Amino acid sequence: MAPNDMSRMRISDAERDQVAEILREAAGEGRLDLDELDERLNAVYAAKTYADLEPIVADLPTGATGPIVGTSPAVPTHGAVVGGGPPLVLQAKGQPMVRKGEWTVPHRIEVDGRFGSIRLDFREALISTPVVEVHLDASWGGADLILPETATAEVDVDSSWFGSLRSDVDSIRRAGVTHFVITGACQGGSLRVRHKSAKGWGGLFG
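Residues numbered from 1 in each chain as written. Predicted model: local features only at pLDDT ≥ 70, side-chain atom pairs only at ≥ 80, totals over all residues. Heavy atoms only, no water.

**So, the nonpolar core**
Formed by 28 residues in total, the largest nonpolar core has its most connected members in L120, F122, L145, L147 and F180. Where this core is concerned, the elements lending two or more residues are β4 (108–112), β5 (117–121), β7 (131–137), β8 (142–146), β9 (152–158), β11 (179–185) and β12 (190–194). At three residues, the largest contribution of residues to this core is made by β7. Counting 18 residues, the second-largest nonpolar core is a separate cluster that includes I11, A47, L53 and L60. (Core = buried A, V, L, I, M, F, W, Y, C linked by side-chain atoms within 4.5 Å. Buried < 20%, exposed > 50% of the residue type's maximum accessible area, 1.4 Å probe, protein only. Helix = DSSP H or I, 4+ residues; strand = E, 2+ residues; numbered from the N terminus.)

**Describing the sheet that holds β5**
Ordered by their spatial adjacency, five strands build an open sheet running β2-β5-β8-β12-β10, and the pairing between neighbours is parallel. The open sheet terminates on both sides in strands that have one partner only, identified here as β2 (96–99) and β10 (164–167). This sheet shows a mean twist of 5° between the axes of neighbouring strands, independent of strand direction. By the bridge criterion, four bridges tie β2 to β5 in an arrangement that is parallel. Residue pairing for β5: P96 is matched across the bridge by S117. (Pairing = 2+ DSSP bridges. Axes fitted to C-alpha atoms, helices over the stretch in contact; angles between N-to-C directions.)

**What about the sheet that holds β11?**
Pairing within the open sheet is parallel, and its five strands lie in the order β1-β4-β7-β11-β9. Each edge of the open sheet is held by one strand with a lone partner, namely β1 (88–91) and β9. The average undirected angle you get between the axes of adjacent strands in this sheet is 15°. Alignment of β7 against β11, held across seven bridges, turns out to be parallel. In the sheet register, V132 faces β11, and the bridge partner there is F180.

**Comments concerning helix α2 (residues 13–28)**
Residues spaced three or four apart along an α-helix point in a common direction, a consequence of the helix completing one turn every 3.6 residues. Taking 1.5 Å of rise per residue, 16 residues should cover 22 Å, and α2 covers 23 Å from first to last C-alpha, within 8% of that figure. Of the residues making up α2, those classed as buried are A14, E15, R16, Q18, V19, A20, I22, L23, A26 and A27. Close packing links the buried residues of α2 with α3 (34–46), α4 (50–57), β7 and β11. G30 sits one or two residues past α2 and shows a positive phi near 85°. (Expected span 1.5 Å × (residues − 1). Contact = heavy atoms within 4.5 Å.)

**Thoughts on a nonpolar patch on the surface**
There is a patch of nonpolar side chains on the surface, built from F115, W140, W161 and F162 and spanning about 560 Å² of accessible area. Inspection of the secondary structure puts F162 in the loop between β9 and β10. On the basis of relative accessible area, F162 is assigned to the exposed category, the value being 64%. (Patch = residues over 30% accessible without salt bridge, like charges linked within 9 Å, V, L, I, M, F, W, Y side chains within 5 Å. Areas by Shrake-Rupley, 256 points an atom, 1.4 Å probe, with all protein chains shown as cover. Salt bridge = Lys/Arg side-chain N within 4 Å of Asp/Glu carboxyl O.)

Right, dumping it as structure tokens:
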């Protein structure tokens, strides 16, 4: 996708939050005063497209603006490409489902894995955006998410009703690496978020 096309794409709340964090870091370094920070944060949360974000961070050091404003692709994982597109919807109710190797990952994935088993291996995937949203329902089933070695992940999944949730991945977002935002539910089920794959299906949740 050409940069001009990318600039017209709609942005997500996660990407607004990412730019807001860049602004806060810039203020902490003394690059912005508090009035400027407040003004720019208001502009960030009012932004609709990548083009709206570009002038907000244009005068900050190179590296802070990269994939956020759609001017250059992130290269955090094998074969990463620029793009967003519609969400990938995966249905695995009562069935095993595996995605691995070189598969295309859009900005958002929605998984219905109730009563089934899910394994999503992102290590060789073609990741299209710096932030990947994964919304899944693994209730009464099991899900195993294997992320690229440098990736970070914010996990907010409801496992309050006899569910098991384990994440071995750093939740602090870092510049230049893919960040996953994982939401949903695993009531009576299991969810594991990790970097390294277990050996065989028997070790998925161990």
